[in-house]
Amino acid sequence: MGQQVAGAEQVDVDELTEEQARQELARLAAILNRANRAYYQLDAPEITDAEYDALKLRNAAIEARFPHLKRPDSPSDVVGAAPAEGFAKVTHQVRMYSLANAFSSEDIREFDDSIRRFLGLGDTVVDYTAEPKIDGLSLSLRYEAGRLVQAATRGDGEVGENVTANAMTIGEIPHRLEGAPALLEVRGEVYMSHADFAALNEAQAARGEKTFANPRNAAAGSLRQLDVEVTRSRPLKFFAYAWGAVSEPLGRTQMEVLERFREMGFPVNPLTVLCRGPDEMIAHYARIEAQRAMLGYDIDGVVYKVNDLGLQHRLGYRSTSPRWAIAHKFPAETAWTRLEKIDIQVGRTGALSPVARLTPVTVGGVVVSNATLHNEDYIAGRDASGNPIRGGRDIREGDWVKVYRAGDVIPKIADVDLSRRPEWAVPYAFPTRCPECGSEAIREEGDSVRRCTGGVICPAQAVEKLKHFVSRPAFDIEGLGARQVEQFYLLSWVREPADIFTLAGRDRAGAKALLTLDEVLARISRGSEETARARLAAALGMEAFDHDEAARRFAARSTTPLSRQPGWGEKSAANLFAAIDERRRIPLARLIFALGIRHVGEAASNLLALHYGTWEAFEAAITAAQARTGPEWEELLSIDGVGQVMASSLVTAFAQEHERASIDRLVAMLEVEAAQPPDTSGSPIAGKTIVFTGTLERMTRAEAKVRAEALGAKVSGSVSAKTDLVVAGPGAGSKAKKARELGVEIIDEDAWLKLIEGT
Ligand code: AMP
Ligand code: ZN
């Protein structure tokens, strides 16, 4: 620490001594970084925009004069207050998957059944490993020629964060391996023991630093540290249980691989056992649950994996989880608390979702203050068919409710205590108008959800659509998160996805706003004028809304470059525009998903992209399918995984004038990459359309279909002129006949197996 220099803040930049400059930069960093946090995280600016701008300019001027004094936490480089900036990204060579969940013994039997069905094993008993599900965070360790060269977090499964330097400080992770394949990615869980967690929190509290809610948060917070020395000081541990890319097989079974990990020097969980069939799995689960409290570290369930790696390979993967594994979760943690208020949130598709605001309560180590209430019926105490749930007890503001949470999912409310219901409590009246835009909110036949009918006029729907658009599985625009989207929307810099791509131009031209303040007010105050004013005031850094002052600030914001807006700097603004530019080229599947059409999720978007290949083909087909009859409609429905509901939703979106125009404006800005079929070099059936019919004897239909798709073929349920190949088993009837009439090639199962052999 340098000595205190009095009055440095009053000295002109040109006259500062080096020591004064150092002090001044420290002071400015403290003020500005604090202002950023207040602005972005608390939505409560502490200094005016003008003050902020002046301080930021002064900071930049000092840095220009004394470049070597620029601080690592310089406010010039800060975007919002996201702390995770700073880790490089790593694309996993082999995706990191999550796990499907089971909550009951029936789920486990169903899992085992589905595996035997898929593989066509009949009553054969399948062996499974049972491993404790460690509650930490997963880490992928890459060894080349036996040396640890990279460590990455899971991230979204495809891209994680490079935490190599941090992982190197964990004592249980070997830096060198003996007898390992040339390339080996070992995966496992980083965690913290209960004892270490308690000691850490005590030390943190003694130093006046923040404590962690639970060992998992502590482990994650300790690993993801920009300062490696902090990670080194934290007692992290590791268990190995899986692998990614490998240059040669590690064994024939899960157990053999775990044994190899142990020989190489990795900790492998000692409670791992082999179970023959579901009875043994269920019994083992009970034993682990009984020991849970004595283990000394957190586990949240038991993971079962098909032991035979050949079978694992045949079972393959769903979009985000392996078909050969499942996590049997422990029952949820619960706590009683007071329901203070029920709020309604409006989603992307207009759904009105009730949220319970709770008196904060700790549930399984995490403080919970919000819980979902699902829908109108759930609050009223009945299910979708009108049958009573919770014995018909409704939920009211003021009630005592039982909150539960399982894993990372949103907390839910399980029950209500009528004996503690206050006298004033009245049944909850679910709104029939959208609280955001005042439009009528209706329930369609058979829908449990009430939806705002405002469509494009509903600001909540527009903002949620934008948030979805920039989200990770969609356009994934770095620097444009939920908070920025809300701000940009309020300031009318971005009203719909297409506007994101014209923002840089408007920023350069000094005219970012697409509407005037009054137009914005008119647009967002249909629900409640008071809320609208309050929101704008907050966005403009005002304590209370004053029309003239707001108009002045609104205009100033529009003309001031983004790089000089609160929370932004030269670098972060440039980064944002670069990130947006990078996304002008976008894979078709991401684009389809990003449109946010109801019922069209990530998996469906992939299917649609693979089926139609290009945007032009997709768009033409969906437009032509509007009649809901004819070949394009039939083709849409023939895609395995696309049903009536999804198909209707798609064609409706493309038929609605406003929505369609908005999509067209967007696509005009983009270069859409054609769908990349899976790597099928050497596949004899890539790009072909195959129909399976009759009984297959050596492979189930499900497996045949998965294999064919993995090899780049399309599997269809019906034979047409577009069919390339029919695989017919015994008992094949009309489909084989039709194929013969159309002159489509027909082969039997043996020929099919030969065809895909070795692939
Ligand atoms: P989830 O995130 O709930 O889908 O669960 C998947 C996560 O469980 C993985 O990403 C791992 O971090 C974690 N996990 C803990 N123990 C195991 C285990 N023995 N096998 C596989 N995954 C595990
Ligand atoms: Zn609305």
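Here is what the cut-offs are and how they apply
Residues numbered from 1 in each chain as written. Chains lettered and ligands numbered in written order. Predicted model: local features only at pLDDT ≥ 70, side-chain atom pairs only at ≥ 80, totals over all residues. Heavy atoms only, no water. Helix = DSSP H or I, 4+ residues; strand = E, 2+ residues; numbered from the N terminus. Rg over C-alpha atoms; globule rule 2.2 N^0.38 Å. Buried < 20%, exposed > 50% of the residue type's maximum accessible area, 1.4 Å probe, protein only. Contact = heavy atoms within 4.5 Å. Areas by Shrake-Rupley, 256 points an atom, 1.4 Å probe, with all protein chains shown as cover. Lys, Arg positive; Asp, Glu negative; His and termini not counted. Charge placed at Lys NZ, Arg CZ, Asp CG, Glu CD. Pairing = 2+ DSSP bridges. Axes fitted to C-alpha atoms, helices over the stretch in contact; angles between N-to-C directions. Domains from an automatic or database assignment. Buried area = accessible area lost by both parts, 1.4 Å probe. Salt bridge = Lys/Arg side-chain N within 4 Å of Asp/Glu carboxyl O. Near = heavy atom within 4 Å. Polar contact = N/O pair within 3.5 Å; in protein donor to acceptor, adjacent residues only side chain to side chain. Nonpolar A, V, L, I, M, F, W, Y, C, P; charged D, E, K, R; others polar. Phe/Tyr/Trp six-rings, centres within 6.5 Å; stacked < 30°, edge-to-face > 60°. Lys NZ or Arg CZ within 6 Å of the ring centre and 35° of its normal. Parallel < 35°, antiparallel > 145°, perpendicular 65-115°, else oblique. Left-handed = near helix turned anticlockwise from the far one by under 90°.

**Here we look at the overall build of the chain**
Then, in step 1: Summing up its helical and strand segments, the chain has 28 helices and 24 strands in all.
Then, in step 2: Its C-alpha radius of gyration of 29 Å places the chain within 12% of the 27 Å reference for a compact globule of 759 residues.
Then, in step 3: When the backbone C-alpha atoms are referred to their principal axes, the chain occupies close to 90 × 65 × 65 Å.
Then, in step 4: By the burial criterion, 48% of the 759 residues in the chain qualify as buried.
Then, in step 5: The long-range fraction of contacts in the chain, counting pairs at least 24 apart against all pairs at least 6 apart in sequence, stands at 67%.
Then, in step 6: Total accessible area on the chain is roughly 35600 Å²; 50% of this is exposed by carbon and sulfur atoms.
Then, in step 7: Taking the average location of the 92 positive side-chain charges in the chain and that of its 107 negative ones, the two points are 1 Å from each other.

**Some thoughts on the sheet that holds strand β22 (residues 714-715)**
Then, in step 1: Here four strands make up an open sheet; going across it, the order is β22-β21-β23-β24 and the pairing parallel. This sheet does not close on itself; its edge strands, each paired only once, are β22 and β24 (745-747).
Then, in step 2: Here three bridges tie strand β23 (residues 725-728) to β24, and the two strands are oriented parallel to one another. Directly across from Val-727, in β24, lies its bridge partner Ile-747.
Then, in step 3: With respect to the sheet, helix α27 (residues 734-742) is in contact with β21 (689-693), β23 and β24, its orientation differing from that of β24 by roughly 140°.

**Some details on the domain arrangement of the chain**
Then, in step 1: When cut into domains, the chain gives domain 1 (13-77), domain 2 (97-329), domain 3 (333-420), domain 4 (458-582), domain 5 (585-673) and domain 6 (689-756).
Then, in step 2: For domain 2 versus domain 6, the distance between C-alpha centres works out to 39 Å.
Then, in step 3: Contacts between the two partners involve six residues from domain 2 and, on the opposite side, five residues from domain 6.
Then, in step 4: With both sides pooled, the region where domain 2 packs onto domain 6 buries about 480 Å², and carbon together with sulfur makes up 55% of that total.
Then, in step 5: Taken as a group, Phe-118, Arg-314 and Arg-323 account for 79% of the area that domain 2 buries against domain 6, more than any other trio of residues on that side.
Then, in step 6: Inspection of the domain 2/domain 6 interface yields one salt bridge.
Then, in step 7: Residue Glu-703 is joined to Arg-314 by a salt bridge in which the shortest nitrogen-to-oxygen separation is 2.7 Å.

**Points about the site of ligand 1**
Then, in step 1: The environment of ligand 1 is formed by 14 residues, the closest being Glu-131, Arg-154, Glu-189, Tyr-241 and Lys-305.
Then, in step 2: Take Glu-189: an N or O atom from its side chain is 2.6 Å from an oxygen atom of ligand 1.
Then, in step 3: About the coverage of ligand 1: the protein hides 85% of its 490 Å² of free accessible area.
Then, in step 4: Sorting the residues of the shell around ligand 1 by element identifies β3 (127-134) and β10 (299-306) as the ones contributing at least two each.
Then, in step 5: It is β3 that contributes the most residues to the shell around ligand 1, four residues altogether.
Then, in step 6: Classifying every residue of the shell around ligand 1 gives six nonpolar, two polar and six charged.

**Notes on unusual backbone geometry**
Then, in step 1: The residue Ala-145 is not glycine, and still its phi comes out positive at about 50°.
Then, in step 2: With respect to the secondary-structure elements, Ala-145 resides in the loop between β4 (137-144) and β5 (147-153).
Then, in step 3: Judged by its relative accessible area of 66%, Ala-145 is exposed.
Then, in step 4: Positioned with a positive phi, His-599 is a non-glycine residue whose angle comes to about 75°.
Then, in step 5: Relative to the helices and strands, His-599 is located in the loop between α20 (588-594) and α21 (602-612).

**Notes on the packing of aromatic side chains**
Then, in step 1: What the rule picks out here adds up to 21 aromatic pairs.
Then, in step 2: One aromatic cluster is present, formed by Tyr-143, Phe-238, Trp-243, Phe-261 and Phe-266 through successive ring pairs.
Then, in step 3: Here Arg-95 stacks its cationic end above the ring of Tyr-97, 5.5 Å away from the centre of that ring.
Then, in step 4: Over the face of the ring belonging to Tyr-378 we find Arg-390, whose NZ or CZ atom lies 4.7 Å from the ring centre.

**Digging into the sheet that holds β5**
Then, in step 1: If you trace the four strands from one edge of the open sheet to the other, you get β5-β4-β7-β8, paired in antiparallel fashion. Every interior strand has two partners, whereas the edge strands, β5 and β8 (237-246), have only one. The mean inter-strand angle of the sheet, taken between neighbouring strand axes irrespective of direction, is 30°.
Then, in step 2: The pairing of β4 with strand β7 (residues 183-191) spans eight bridges and is antiparallel. Of the residues in β7, the one forming a bridge with Leu-139 is Gly-188.
Then, in step 3: Sheet strands touched by helix α8 (residues 254-264): β7 and β8. Its angle to β8, the strand with the most contacts, is close to 115°.

**A word on the packing of helix α23 (residues 631-638) against helix α24 (residues 644-655)**
Then, in step 1: The geometry of α23 relative to α24 is characterised by a closest axis approach of 9 Å and an angle of 130° between their N-to-C directions. Considered as vectors, α23 and α24 are oriented oblique to each other. Seen along the crossing, α23 lies across α24 with a hand that is right-handed. Here α23 contributes Trp-633, Leu-636 and Leu-637 to the contact with α24, which in turn contributes Gln-644, Ala-647, Ser-648, Leu-650 and Val-651.
Then, in step 2: In terms of residue class, the contact of α23 with α24 is made up of six nonpolar, two polar and no charged.

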